[in-house]
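Remarks on the overall topology
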Amino acid sequence: MYTCIILHNMIFTDEGPEAGNWFDPETPGSSTASSPPRSGVHPSMQDQLSIRAMTPNRKTLSPSMGRTAVASVVTLCLIPVHLIVNRFVPDPYMDEIFHVPQAQHYCRGNFTSWDPLITTPPGLYFLSLAYIASLFPGLFCMRAVPSFSDSCSTSILRLNNGVLSVVCSILVYEIIIHLRPSLDDKIATFRAVVLSLYPLHWFFSFLYYTDVASLTAVLAMYLLVLKKKYIFSSLLGTVSVLVRQTNIIWLLFAACTGVIEFAQSHLKDREEEIDKVRTAMQNDDFSDIHKGFTVNSKLRKRRVNNGVRNQKKHAVATLNPMEHSSGLLDEIYSIVIISWNHLLEILVLLSPFLMVFAAFVAFVCWNGSIVLGAKDAHAVSPHFAQFLYYGVVSSLFTFPIHFSFGQAATLSHQLLKNRLLGFLQGFMALALAFLSVKYFSIAHPYLLADNRHYPFYLWRKVINRHWSTKYLMIPFYIYSWFSIVCNLAKNQKKLWVLVYVLACAATLIPTPLIEFRYYTIPFFFMVLHTDIIDNISWLLLGFLYLCINFFTMYMFLFRPFSWAHEAGTQRFIW
């Protein structure tokens, strides 16, 4: 649309006002040869130009310049840290001891070998093969490596995640400008850079884990759903599931978003029709009903007038049955009605997603579990407390938005607006959180035994410090989730917020092990759809992320330690 406006202005500048003449093909007998030209702006462009004129002093870059700026800044931040990490930690560490050898097997063409301790599908290894295949000609010409298999070193495999991290930052920028088209491009660039520094994403950009590839594939899938390119989106959704199988939840989330967007577009069309009907009602265009009737009594006249009024109300109600409704149930009803009326069209649009989901269900039935290896250690468990932990962690990573006097006042006002409903919501939240903490708080053996992970210390020093500590944290859990939902509901449909919460629950609750890196994908969806308009908040977030990244990388590189019962150097990691 911006390109059309620019071309419009260029034409007027170069060719003068004659370029503004246009022909109306809807007019009977109109043609470019016979009908007189009209001047001015075409009606189809008038609304867009009005919106453009209402946007105050928007400084714009070209989309390619914005992408280039984001990619350049992120690359400059990644390269030196990547070199330092490979200098101090040249050998595979932690989960890399499984992923790196498996990728090297694939580089040697040995696709039948599989480590039974690997829990995720081989999507990351295939992406690495494609990446290394693009590098190998240059490396071979420079005589850096003698063969293709030798190019699959630990440092080059780690660099694969660095490249994906740059791609991910560009996708974040694209989603930001798509969701907020009036946002200054420089501000959008800055926000994308800040989110690329998110500690749980940034840290694993330097190790050969599945997290960065998983987030990149999911965001690419979601961006294409927003752009209504469902076939390509489902293909990237397949890639995301092949990288990490729990991404099937986010594929369904993207499909639901597509349905909501589809219903929204049809609701807008209905609103335009409603405006026309109301205009007709105001102009008394329903007076044609009176024609052909002879009213001989006041009673008959009253009946006719009542009939006219009823037809007017029925016309509006038929076009928009939810005219005066904005609740969650009303949104669900409205979308269900629209989806049912366009069921075939929706099934055709979303059939690629349904095919991927059906293939996934078939795989789970054949495999007997959602994970590939180490099934006993990663069995599905009802870990409802994990859902609560995510709320607190994500709120802390966006503390300027959630932990402020203004936000606390807003939440209090929301609960007190309807005191009975607020009391019931608070009571239900307290009851469910208490039951989750008491009966569904799992201490996985890996969590209790591995002191290399930060959750180990949070569990011992905070959550499990005293028998009462985990219960005292319940108000923080509830406040965090209420704040997240409240902020999302300001700009998103209530149904979208519900789908997001359900997707978070479906992803996190079955996971018995507390791993903060599992929170990355839901966190990005939360931040991208939260309207953080205060630039000071973004500056504070950037500063917070830089401090955390400096601390975690310093601890990882320069504070190694050893275990008495196991040889080798151990390092702190998320």
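Below you will find a few notes about this structure. Predicted model, so just to flag it, every value in this text is computed and none were measured.

**Remarks on the packing of aromatic side chains**
- Here the structure, examined in full by the defined rule, presents 45 aromatic pairs.
- For the ring pair Y198 and Y545, a centre distance of 6.0 Å and an interplane angle of 75° mean the geometry is edge-to-face. With Y198 in the loop between α7 (185–196) and α8 (199–202) and Y545 in helix α25 (residues 535–558), this residue pair connects regions lying 347 residues apart in the sequence. Residues Y198 and Y545 agree in their burial class; the two are buried.
- Centre to centre, the rings of F253 and F525 are 5.0 Å apart; their planes meet at 65°, and the pair counts as edge-to-face. A residue pair is termed long-range when its members are at least 10 positions apart, and F253 in helix α11 (residues 248–282) and F525 in helix α24 (residues 520–528) qualify at 272 residues. Like F253, the residue F525 is buried in the burial classification.
- It is R517 that lies over the ring of F204; its NZ or CZ is 5.8 Å from the centre.
- Above the plane of the ring of F556 lies R571, whose end atom (NZ or CZ) is 6.0 Å from the centre.

**Considering the pattern of salt bridges**
- Inspection of every chain in the model, using the stated rule, returns 8 salt bridges.
- Note that R517 is salt-bridged to D211, the shortest N-O span being 2.9 Å. Here D211 lies in helix α9 (residues 211–226) and R517 lies in the loop between α23 (494–508) and α24, a separation of 306 residues in the sequence.
- D211 sits in the buried class, given a relative accessible area of 7%.
- As a salt-bridge pair, D450 and R452 come within 2.8 Å of each other at their nearest N and O atoms.

**Some remarks on α9**
- Taking 1.5 Å of rise per residue, the 16 residues of α9 would be expected to cover 22 Å, and the 23 Å separating its terminal C-alpha atoms lies within 8% of that figure.
- Burial analysis of α9 places 16 of its 16 residues in the buried class, the great majority of the element.
- The positive-phi residue at the C-terminal boundary of α9 is K228, with phi of around 65°.

**Some details on the side chain of R452**
- Structurally, the position occupied by R452 is in the loop between α19 (445–449) and α20 (454–463).
- Judged by its relative accessible area of 13%, R452 is buried.
- For R452, the side chain forms a polar contact with the side chain of D450, separated by 2.8 Å.
- Setting aside chain neighbours within four positions, we find R452 in contact with Y93, M94, F561, W563, Q570, R571, F572 and I573.

Rules used in this analysis
Residues numbered from 1 in each chain as written. Predicted model: local features only at pLDDT ≥ 70, side-chain atom pairs only at ≥ 80, totals over all residues. Heavy atoms only, no water. Phe/Tyr/Trp six-rings, centres within 6.5 Å; stacked < 30°, edge-to-face > 60°. Helix = DSSP H or I, 4+ residues; strand = E, 2+ residues; numbered from the N terminus. Buried < 20%, exposed > 50% of the residue type's maximum accessible area, 1.4 Å probe, protein only. Lys NZ or Arg CZ within 6 Å of the ring centre and 35° of its normal. Salt bridge = Lys/Arg side-chain N within 4 Å of Asp/Glu carboxyl O. Expected span 1.5 Å × (residues − 1). Polar contact = N/O pair within 3.5 Å; in protein donor to acceptor, adjacent residues only side chain to side chain. Contact = heavy atoms within 4.5 Å.

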